[in-house]
Every structure is written in structure tokens, then in C-alpha cells.
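# Summary of the model geometry
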Amino acid sequence: MLPKELRLKKRSAFTATYKTGTSFHQDGITMFCGRINKEPFPTKAGFVVSKKIHKRAVKRNRIKRLMRESYRLLVKSSGSPLKYMSVIFVASAKLLNKDFKYINSAMTKLAGKL
RNA sequence: UAAAGCAGCCGGAUAAUCGCGCCUUGAGAGGCAUUGCUUUGAAAGGUGAGGAAAGUCCGUGCAUCCAAGGACAGACCGCCGGAGAAACUCCGGGCAGCGCGAGCUGGCGGAAAGUGGCACAGAAAAUAUACUGCUAACCACCCUUUUAGGGCAGGAGCGAGGGUGCAACGGUGAGGUAAGAGCAUCACCGGCGGUAUCGGAAGGUACCGGCCAGCUAAACCCCGGUCGGAUGCAAGAUUGAAACAGGCGUUUGAGGUGUCCGCCGAUGCCUGAAAAAUCGCUGGAGCUUGAGAGCAAUCUCAAGACAAGAUAGAUGAUUAUCAGGGAAAUAUUCCCGAACAGAACACGGCUUAUGAGCUGCUUUAUUCU
RNA sequence: AGCGGUAUCGUCUAGUGGUUAGGACGGGAGAUUCUCAUUCUCCAAACAGGGGUUCAAUUCCCCUUACCGCCG
């Protein structure tokens, strides 16, 4: 789990990030990026796993937690990215029953764009 | 030994590193200000998903609004007794069905108040005798003949047979008769009613009676019982700056309260939204242990502990060892290390999903003593 | 989290205790034409799954599954 200041929380912030439109895709994870950051605040991150992916909450939570843990380790090793104001990671059905290593490699590739 | 039945338990453990939510203590820093208030908060300690948290199928509490009156409608329940706040809940008993048995299952009032339905087949599907059919005892008729014999189904009698169908107006056997029939005949069985008796009741048992009443109420309905209604914690309360919405006086066309009577609604004057924060929010019809009452559900008493409370939503990631399981195989090696599944106001049930096992009691079969 | 609704041929739908489950579009075959279109004839194709009530269930009742909606 991330500390509070690195989490994207408000609904308005989510819709604003989606509107900006820059997005990247890698191995079942889609990354939406918000506006370019003008001040050196750390990027806020949000994680989305839709109900369409799986009906059961346990499996959705598992994907979400793995993505979050991977992002946390990246922040810990290389510092918080500063380029964008916000970033959202959206999972697809491809990630069902995948382990930490698979998701971590995908997240690392995406983080290279930050 | 094998196969079953019932009741119950468990829902992994330990350690290391890196993290998150909440609570307590709170170094330090900032602001107001003058030794108090407030904001932020390093670090430490504590604590952090379930037996179903699920489905939302029932029932409660809690909250707001409407109404607080009457009648009707409506919804739900339905063998008896008990438990429970209540329940499409639980326990015990009865009855019916299933099973060799231990046991299991049951939405289990009324079809003799009324209405409706019962396709196809069948004579007929509910007022049975319209059809087919049986009968020459009786009346009528005919023939032979003489005190009777024969014919004839017109009258009359009969409800037995009619292959159908889920179902045919009690069943089987005997007696009886012209032919027959529950036929004021008989035996056994089924159903109905009465009496006696056992039981707290549902109901059981015995005897007697007349002689029969199809199925369907998860069709309408009847009987008995219960129920203020609506909305649901995104209920709702408080704080909160500006565009825009709510509260108080006058009148009856449309609208609302399940419907009707009855009651609120439309027009003029005064105060406040959304986002956000705090509360609601977890100490409870609760949990554990022991004693007592009861066949049991459950209740009573005593002691003890309380430790999720998030809000884009924490309870995680990686690694090692062990319990445990599987395979090879024999002093070891390899693999797995789970299944169903994640709190969102709380509780009582029901239903559905679920891995590897363990414990106790009981039944049946086989073998041995 | 809470509260509702729907499910019928490939698609859109009708039916509501006894039906050969009807229709339209689409598909296939044939006829008409020199060929195609149009038109005509014929054919195939469905009651979401499981259990119960009933003589009989797409229909009535219960459970499950899938989909959709409301509420900020």
C-alpha cells in the first residue's frame, strides 16, 4: 500500500486524467497519464480493476494488490516519478491468475515511460 | 473387515525483510497567544476478514418521511405443543412417503359452502344411465297345446360386463337372483360418522352404525391467524463562503397518502444547497468458561475478556522451515503446500459454494470366538 | 453496500396450464428468367439451468446462472 500523498483519490482527478488521453499499454495493463507536472510534486497513482474482469472480489483485489506492490517497490528503488500529475493503471482480463513476476515486469516496462 | 447413517471439529503454523489502515503514548516543528489552545507528526507499543464476510431469500433493531380515525382491499402464514424480539426460524411429538436398518424427507387447514378446469382416448370425466348391454320371474303379444311348454326385449326390472384413461360413483371372495346389485346378506380391507378409552393437543386403540363423498386450492375461493405504510446508513444529524433551492399565511380544478370517506396539495412573505469534514460506526437480543433447569430448542445465574471500522476503500509482497497430501522408492528424493472465498450500520436465520482430514455414537452384511 | 427487473429460433418478438410453440427479418433448396433482382412454394432453426405442485409446466412455486436498470 502506498502512503496517502502518492494515492489518487478524488473522482474529479480520475475523470481529468482519463480526459487528457495519453495512454500506453503493456501485457494487459493500460496506463493513463494526466497533465504534465509544472511543479515538482510527486505523481499520484490510481489502480482500477473493473467488475467486468471477474465477478469475485478476491480475484480483483489480488490483481490490484500486485499492481500496487509492484509500483511501491519501483518508487522505493528509483524515487517517485515527477513527470505527470497523475497516472492510472487499468487491468484487463489477461492478468487473471498471473503471478507477481509477470505483473512486475509489465509495470517496470511501463514505468520506463514516466 | 466392508458399506452406510447421524452429530461435531478444523478452515494452517513459525520466522525474516520491505509496506498499509485504525487506536494509544507522543520526540520535534509551526500558528495563535502567553504558559494555555490548536495544526502537523518521527518513533514505539497494540491490533487488523469469514464459516460462509457471498446470494439478498426471510425477519428484527436503528433512521427519516407520511399517517396517527373508520370501512374495504391487500400481503403473508396454515398438523399439535414448546422456544424465540421476530421469521419461508429452531426443538419435541403426530401423520404420510422412502429405506432391510440406523435414519431421512414433507409449502401437512377445507374439495360434505360455491364457481371453474380435467386435453387425447372413452358409452360416460361428475345431476351417471342418454349409448352398448344383461334378464322371459311379472304384464302385453304370438305359436303349440292343455292347466303347462316354447318364442318375443314392447312394457318392466338391472346396474354386473363395455379393453379407454392420471382418474370410472368403494376393493376381493362367498351367498343370493329371472338377471343382478353393499344387497336392512356375510368375512377381510379402505373411507366416513358416533361412543368409550389413552394423551396436555395433534392423534392412537377398541367397539358400533348406516352404506360411500373422483382429482385439482404452488385455480378463484372459504375458514382460522398475523400485519400502520413507504424508504433504506448512498437512512439520517451537525458544520459549512458565493449564482440556486427549502419553511409560514389565503383557495379548491388537477396530484399524493394501496382504494373510498377524511387529510396533505396550488398562490403571496422569510431562511438555506452540491463538493468537503465530523457524527451515525461498533460494547452487542454479542463472545468464552463453569454451574443449574429442561428429552431438546432454549433459559437462568456467576466469573472473565473485548482487540477491524476503511471511504478510489487497509489486512499485502518476497523468502525459508514445519504440520499435512501425492508420486517414485526405501533410511531418502521430487512435487504441491491448497478449496470456496474479502468486512462497508448491526444482529438472528435460510439458501448456495467449499480442500485435506479428524473425533464420537449408531445400523446392516460377512468372518472368527 | 442497498433496492428492483428481464431471459422464447441467428436477430426482433407473439403465446400463458393440454398448441405441430405462431409471425417478421435473415439462412438454405426449388420454380419463374438468357442471367440477376422482384415474386411464389417448401425446408431447417428456440422456451437459460435444476428441483417441486399437477394426470400434464414455456406458463404456477422455489433455488441457481447470466444480463440490465435505479440510488452519489
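Residues numbered from 1 in each chain as written. Chains lettered and ligands numbered in written order. Predicted model: local features only at pLDDT ≥ 70, side-chain atom pairs only at ≥ 80, totals over all residues. Heavy atoms only, no water.

## Let's talk about the confidence of the model for chain A
So the rule is basically this: A score from 0 to 100, pLDDT tells how confident the predictor is in each residue.
Chain-level pLDDT for chain A is 76 on average; 79% of the residues reach the 70-or-more range. Confidence estimates for the predicted assembly give a pTM of 0.76 and an ipTM of 0.77.

## Some thoughts on the pattern of salt bridges
So the rule is basically this: Salt bridge, as used here, is a side-chain nitrogen of Lys or Arg placed within 4 Å of a carboxyl oxygen of Asp or Glu. Strands here are runs of E lasting at least two residues and helices are runs of H or I lasting at least four, both read from the DSSP assignment and numbered beginning at the N terminus. For every residue, the accessible area obtained with a 1.4 Å probe (protein chains only) is divided by the maximum for its type, and the residue is called buried under 20%, exposed over 50%, and partly exposed between those limits.
Overall, the coordinates contain two salt bridges when judged by the stated rule. K109 is the salt-bridge partner of D27, the closest N and O atoms lying 3.7 Å from each other. A residue pair is termed long-range when its members are at least 10 positions apart, and D27 in the loop between strand 1 (22-26) and strand 2 (29-33) and K109 in helix 3 (residues 100-111) qualify at 82 residues. Look at D27 and you get partly exposed, because its relative accessible area is 22%.

## Focus: the packing of aromatic side chains
Here is the rule: Any two of the Phe, Tyr and Trp rings considered here, Trp counted by its six-membered ring, make a pair once their centres fall within 6.5 Å; the pair's planes then place it as stacked at under 30 degrees, edge-to-face at over 60, or tilted in between.
Applying the stated criterion across every chain yields a total of three aromatic pairs. Arranged with centres 5.9 Å apart and planes meeting at 75°, the rings of F47 and Y71 form a pair that is edge-to-face. In this pair, F47 is assigned in strand 3 (residues 44-48) and Y71 in helix 2 (residues 57-78), connecting sequence segments 24 residues apart. The exposure class of F47 is buried, given its relative accessible area of 10%. Classification of Y71 by relative accessible area gives buried; the value is 3%. Ring centres of F47 and F89 lie 5.5 Å apart, and the angle between their planes is 15°; on these two criteria the pair is classed as stacked. Here F47, found in strand 3, pairs with F89, found in strand 4 (residues 86-91); they are 42 residues apart in sequence, far enough to count as distant. Cluster of aromatic residues (ring-pair linked, three or more members): F47, Y71 and F89.

## Notes on helix 2
Defined as follows: One less than the residue count of a helix, multiplied by 1.5 Å, gives the span that helix is expected to have. Should any heavy atoms of two residues lie within 4.5 Å, those residues are considered in contact.
With 22 residues, helix 2 should cover 32 Å at 1.5 Å per step; its first-to-last C-alpha distance of 32 Å lies within 8% of that length. All of the buried residues in helix 2 are R60, I63, L66, M67, R68, S70, Y71, L74 and V75. The inward-facing, buried residues of helix 2 abut strand 2, strand 3, strand 4 and helix 3.

## So, the sheet that holds strand 3
Note the threshold: Paired strands are those between which DSSP finds at least two bridges. Lines fitted to C-alpha atoms define the axes here, with helix axes fitted over just the stretch in contact, and angles between the N-to-C directions of these axes take values from 0 to 180 degrees.
With respect to topology, four strands assemble into an open sheet ordered 1-2-4-3, the strand pairing being mixed. Two strands bound the open sheet, and with one partner strand each, they are strand 1 and strand 3. Sheet twist, expressed as the mean angle between neighbouring strand axes with direction ignored, is 20°. Examined bridge by bridge, strand 2 and strand 4 share five bridges and lie antiparallel to one another. Directly across from T30, in strand 4, lies its bridge partner V90.

## A few points about the nonpolar core
Here is a general trend for soluble globular proteins: nonpolar side chains tend to be buried in one another's company. Counted only if it meets this: Among buried residues, the Ala, Val, Leu, Ile, Met, Phe, Trp, Tyr and Cys ones that are joined through side-chain atoms within 4.5 Å form a nonpolar core.
In terms of nonpolar packing, the biggest core is built from 23 residues, with I29, M67, Y71, F89 and M107 touching the most fellow members. Sorting the residues of this core by element identifies strand 2, strand 3, helix 2, strand 4 and helix 3 as the ones contributing at least two each. The element contributing the most residues to this core is helix 2, with six residues. M67 has contacts with I29, F47, V48, V49, F89, A91, L95, I103 and M107, leaving out every residue within four places of it along the chain. Counting residues in hydrophobic clusters, the runner-up holds five residues, among them L8, F14, F32 and I88.

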